[in-house]
Amino acid sequence: MGGIDQLPAITGGVTRRVRRTRLVLPAVLATGLLGLAGCSTEEVGALKRLGMPVAASDRAVPIHNLWIDTWIAAGLVGFFVWGLILWAVVAYRKRTDNDALPRQNRYNLPMEVLYTLAPFIIIGVLFYYTISVQNTVLAKTPQPAHTINVNGQKWSWTFNYKEAGNPAVGNDVWEAGTIQKTPDLYLPVGETVHFNLSSPDVIHSFWVPAFAFKMDVVPGRANNFELTPTKEGVFRGKCAELCGTYHSAMLFNVHVVSPNEYNAYLKRLADAGHIGEAKGAANAYPEGGQR
Ligand SMILES: [Cu+2]
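Residues numbered from 1 in each chain as written. Predicted model: local features only at pLDDT ≥ 70, side-chain atom pairs only at ≥ 80, totals over all residues.

Asks: Where do I start with the overall build of the protein in this structure?
Replies: Each helix and strand counted, the protein has 6 helices and 10 strands in total. For the protein, buried positions account for 22% of its 291 residues. Put simply, 70% of the contacts in the protein that link residues at least 6 apart link residues at least 24 apart. (Helix = DSSP H or I, 4+ residues; strand = E, 2+ residues; numbered from the N terminus. Buried ≥ 20, exposed ≤ 12 C-beta atoms within 10 Å, placed from the backbone. Contact = placed C-beta atoms within 7 Å.)

Shown next, in the form of structure tokens:
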């Protein structure tokens, strides 16, 4: 009799739960949609790129694709694992009042082989694609249109444009920044630039987020890379290696401009007497010393 007496109460509970789900689900969906509607097209674009900046160089594209594909792979693995967890929770839930433990298995060889091998396969696939993208990004062209020697010094950057052979400029020219003056790096859109990185003091790291690329600037080591800027605009550059007291001051602005504007800017540097090659701190500070 007791069971029948409880029946209306149980049914009432189930109906309430169903009603609650019917109310909560649309509310959650509506909030989600409203949230999305409140996003600007810029924010929606950033969501689609999963937080990556818009690619501003040819070498940023393969990195961008690797980033998205890695998230897709991680998502697939995640859904597979969550699915297994949900399936185990539902299929093996407690169904009776019997408190006895279900059959306990100590070993399950196929399962152990699976969870040992699967991570190795995942790491192997990610490793393969990472190396192939790395090779694409670090590839060099036989004759880059421009060469820029970059010095990362405590606490700014010096850019040496090797343009003596460029009839529009006729000289090697440089620009050096200081803690007080953020330097500008000019790059011509659509033309390949070869960067040589060097440091007179400690390890820095040359990073332009819009190029989806950073490379360490190591004293005594000739690190170099190439890229072709593909998008005109002003982008932020910074040091990505915690190099010391004024690390946070190591900012620079990257101006991707037309080749004509690029030449005109270098001509202005030459007219201002910035001719030759500047090696870091010696030209970065009027007194010639490091800080
Ligand atoms: Cu630095």
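Asks: Sorry if this is basic, but what is going on with helix H5 (residues 259–271) here?
Replies: Note: α-helices contain 3.6 residues per turn, so residues at a spacing of three or four share the same orientation. Relative to the 18 Å expected for 13 residues at 1.5 Å per residue, H5 spans 18 Å between its end C-alpha atoms, a close match to the ideal helical length. Regarding H5, the residues found buried are Tyr 262, Leu 266 and Leu 269. Buried residues along H5 cover an arc of 50° about the axis, so they all sit on one side. Those residues of H5 that are exposed and angled more than 90 degrees off the buried face are Asn 260 and Asp 271. (Expected span 1.5 Å × (residues − 1). Arc of directions from axis to C-beta.)

Asks: I would appreciate a short explanation of the environment of Ala 278 in the present structure.
Replies: Relative to the helices and strands, Ala 278 is located in the loop between H5 and helix H6 (281–284). Between the C-alpha atom of Ala 278 and that of Asn 151, which follows or precedes it by 127 residues, the distance is 8.5 Å.

Asks: Any chance you could explain the sheet that holds strand S6 (residues 204–208) here in plain terms?
Replies: Sheet strands pair via backbone hydrogen bonds, and the direction of the pair is either parallel or antiparallel. The strand order across the open sheet formed by 5 strands is S4-S10-S9-S6-S7, and the pairing between neighbours is mixed. With partners counted over all chains shown, the strands left at the sheet margins are strand S4 (184–188) and strand S7 (213–217), one partner each. Here the average twist between neighbouring strands, direction ignored, is 25°. Judged from the 2 bridges that link them, S6 and strand S9 (residues 233–239) form a sheet pairing that is antiparallel. (Pairing = 2+ DSSP bridges. Axes fitted to C-alpha atoms, helices over the stretch in contact; angles between N-to-C directions.)

Asks: Would you take a moment to explain helix H3 (residues 60–91) for this structure?
Replies: Here H3 is 32 residues long and its end C-alpha atoms lie 46 Å apart, about the 46 Å a rise of 1.5 Å per residue gives. Within H3, only 2 of the 32 residues are buried, which leaves it mostly out in the open.

Asks: Teacher, can you tell me more about the sheet that holds strand S1 (residues 146–153) here?
Replies: Across the sheet, which stays open at both edges, the 5 strands sit in the order S3-S2-S1-S5-S8 with mixed pairing between neighbours. Lying at the two open borders of the sheet, with one neighbouring strand each, are strand S3 (173–176) and strand S8 (223–227). Pairwise comparison of adjacent strand axes, ignoring direction, gives a mean angle of 20° for this sheet. By the bridge criterion, 4 bridges tie strand S2 (residues 156–161) to S3 in an arrangement that is antiparallel. For Thr 158, the partnering residue across the bridge sits in S3 and is Ala 176.

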